[in-house]
Amino acid sequence: MKILIINSGSSSIKFQLMEMPSETLICNGLVERIGYKNATISYKANGDNLHQTHTIETHRQGLERVVELLLDPEKGVITHTNDIKVVGHRVVHGGNSFSDTTLITAEVKEKIQEYAALAPLHNPGNLEGILVAEEIFPAAKQVVVFDTTFHQTIPAKAKRYAIPTSLYEVHGIQVYGFHGTSHQFVSEKAIAYLGLKSSKIITIHLGNGCSMTAVLDGKSIDHSLGFTPSNGLIMGSRSGDIDHAIIFHLVNHLNYSLDEVKTLLTNQSGMLGLTGHMDLRDIQAEAENKNKECQLALSMNAYRIKKYIGAYTAAMNGLDAIVFTAGIGENSSVIRQLACEDLEVLGIILDSSKNDKRSAELREINTAESKVKILVIPTNEELEIAKQAFELVE
Ligand code: AMP
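Everything quoted here is computed from the prediction, not taken from an experiment.

## A word on the overall build of the chain
Next, step 1: Scanning the chain from N- to C-terminus turns up 15 helices and 14 strands.
Next, step 2: Taking 21 Å as the expected radius of gyration for a compact globule of 394 residues, we find that the chain reaches 21 Å, a close match to that expectation.
Next, step 3: Seen through its C-alpha atoms, the chain measures out along the principal axes to roughly 60 × 55 × 45 Å.
Next, step 4: When each of the 394 residues of the chain is scored for burial, the buried share is 50%.
Next, step 5: Within the chain, contacts between residues separated by at least 24 positions form 62% of all contacts whose residues are at least 6 apart in sequence.
Next, step 6: Just so you have it, the chain exposes about 18600 Å², and 50% of that area is on carbon and sulfur atoms.
Next, step 7: Charged side chains in the chain number 36 positive and 46 negative. The centres of these two groups are separated by 3 Å.

Right, here's the structure in full:
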């Protein structure tokens, strides 16, 4: 069964065509800068890599261009759009309405629209991708996987904020959690690898956005992002945890407007605000050249991760494994090393030489004496969506 996975952002469409249940990748690619003159399409199939620049004004045009490539007599991988039996969509925010992967109906689309108020940067693009895919692939089943679904198991004591109850009951202000497909994918891999019936795992997703999840017996029981993807770890340009009174101070005493505060904390803070760089590779290179700000930013970043490791170990009353994943988690031996430093008290001991080696496979980077396994597991959100979509329609 051919399943097309679409991850449609505000100005991009990431796509992947999979054969299921064999989990064979047929092709994948990315349309970027939709709405700009120099939009780009990259497409990988049959060992070929293609890059094109076009004017792509809308998601519709972007997806139509993707379909032209899929059907191309030379570079294509299907002969008719009906060859695609299922389209699996990633949607960031599903609020409390979805505790499972779901077939898309008019009601589901209304909910996605409703939750756009909570994820204004993500849900509108996600919905646009669904509307266009329904027209282009009328014979396919359309399935949605929400980033928030995996976190529906977080208990009230971890998901509620200590603010008046009516704000939760009437306005849904609570922890929702994000990167759910990634945390689910790597925690399932870790559980299979460890072969444990009962397991206590902390998954650490470090990419452009960063988050950690306490996964007890395969279920999310706490998570570092909250009502929106802003809380918790230090990210590329997001501050993560701060004292909220700083916001009042910025507004009342430093003449910031609320929009300016939002831009400051979302787009100008985090590693960018601390160093002037957003990409961790640049920060690591500067730190090696003795740049003090970059050195401090790296240790602040790792210190925040350590604090959450401690908190989630306490929340689960123990720890079997920690898992590093996503762009930084999979590739930065520096962050992994700093985050695991001086954690012998929790039974976490990193093996530096294993940590320094590179591999695209699941690997263990702890010493033989370490009670806790330290794993690096490449994430694959698209494969997780394909698996869940296949299970639903099978
Ligand atoms: P993601 O959102 O998972 O694609 O992660 C993107 C981020 O991963 C980039 O912004 C980089 O900061 C980081 N990254 C990618 N490759 C490396 C690397 N080799 N070393 C350190 N950081 C990396």
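## Looking at the side chain of S237
Next, step 1: One can find S237 in the loop between β11 (219-223) and α7 (245-252).
Next, step 2: In this structure the side chain of S237 is engaged in a polar contact, spanning 2.9 Å, whose partner is the backbone oxygen of T266.
Next, step 3: Those residues in contact with S237 that lie beyond four places of it in its chain are L265, T266, N267, Q268, S269, G270, L272 and M278.

## Quick notes on the packing of helix α2 (residues 106-114) against helix α3 (residues 123-136)
Next, step 1: Two numbers describe how α2 lies on α3: the axes approach to 9 Å, and their chain directions differ by 155 degrees. Considering the angle they form, α2 stands roughly antiparallel to α3. Crossing handedness for the pair α2 and α3: left-handed. Contacts between α2 and α3 pair K109, I112 and Q113 from the former with N123, L127, I130, L131 and E134 from the latter.

## Digging into the pattern of salt bridges
Next, step 1: By the definition in use, this model includes 11 salt bridges.
Next, step 2: For E19, the salt bridge is made with K2, and the minimal N-O distance between the two is 3.3 Å. Of this pair, E19 sits in strand β2 (residues 13-19) while K2 sits in strand β1 (residues 2-8); the two residues are 17 residues apart in sequence, bridging distant segments of the chain.
Next, step 3: According to the relative accessible area criterion, K2 is partly exposed, its value standing at 23%.
Next, step 4: Each of the salt bridges in this network shares a partner with another, and the network as a whole consists of R60, E64 and E135.

## Some thoughts on the layout of surface pockets
Next, step 1: Volume-wise, the second largest pocket comes out at about 310 Å³.
Next, step 2: When residues of the lining of the second largest pocket are assigned to their parent elements, the largest contribution, 5 residues, is made by helix α15 (residues 381-393).
Next, step 3: Partitioning the lining of the second largest pocket into residue classes produces 2 nonpolar, 8 polar and 6 charged.

## Focus on the site of the ligand
Next, step 1: The immediate surroundings of the ligand are formed by G207, N208, D279, L280, R281, Q284, A326, G327, I328, N331 and S332.
Next, step 2: At a separation of 3.3 Å, an oxygen atom of the ligand approaches a polar side-chain atom of D279.
Next, step 3: With respect to the ligand, the backbone of G327 contributes an N or O atom lying 2.9 Å from an oxygen atom.
Next, step 4: Surface burial for the ligand is 73%, taken as the share of its 500 Å² of free accessible area covered by protein chains.
Next, step 5: Those elements that place two or more of their residues in the shell around the ligand are α10 (280-288) and α12 (326-331).
Next, step 6: Among the elements that line the shell around the ligand, the one with the most residues is α12, at 4 residues.
Next, step 7: Each residue belonging to the shell around the ligand can be placed in one class, and the counts come to 3 nonpolar, 6 polar and 2 charged.

Rules used throughout
- Residues numbered from 1 in each chain as written.
- Predicted model: local features only at pLDDT ≥ 70, side-chain atom pairs only at ≥ 80, totals over all residues.
- Heavy atoms only, no water.
- Helix = DSSP H or I, 4+ residues; strand = E, 2+ residues; numbered from the N terminus.
- Rg over C-alpha atoms; globule rule 2.2 N^0.38 Å.
- Buried < 20%, exposed > 50% of the residue type's maximum accessible area, 1.4 Å probe, protein only.
- Contact = heavy atoms within 4.5 Å.
- Areas by Shrake-Rupley, 256 points an atom, 1.4 Å probe, with all protein chains shown as cover.
- Lys, Arg positive; Asp, Glu negative; His and termini not counted.
- Charge placed at Lys NZ, Arg CZ, Asp CG, Glu CD.
- Polar contact = N/O pair within 3.5 Å; in protein donor to acceptor, adjacent residues only side chain to side chain.
- Axes fitted to C-alpha atoms, helices over the stretch in contact; angles between N-to-C directions.
- Parallel < 35°, antiparallel > 145°, perpendicular 65-115°, else oblique.
- Left-handed = near helix turned anticlockwise from the far one by under 90°.
- Salt bridge = Lys/Arg side-chain N within 4 Å of Asp/Glu carboxyl O.
- 1 Å grid on protein atoms, 1.4 Å probe; cavity = no way out; pocket = protein on both sides within 12 Å on 5 of 7 lines; lining within 4 Å.
- Points joined across faces, edges and corners; volume = space filled by probe spheres on them.
- Nonpolar A, V, L, I, M, F, W, Y, C, P; charged D, E, K, R; others polar.
- Near = heavy atom within 4 Å.

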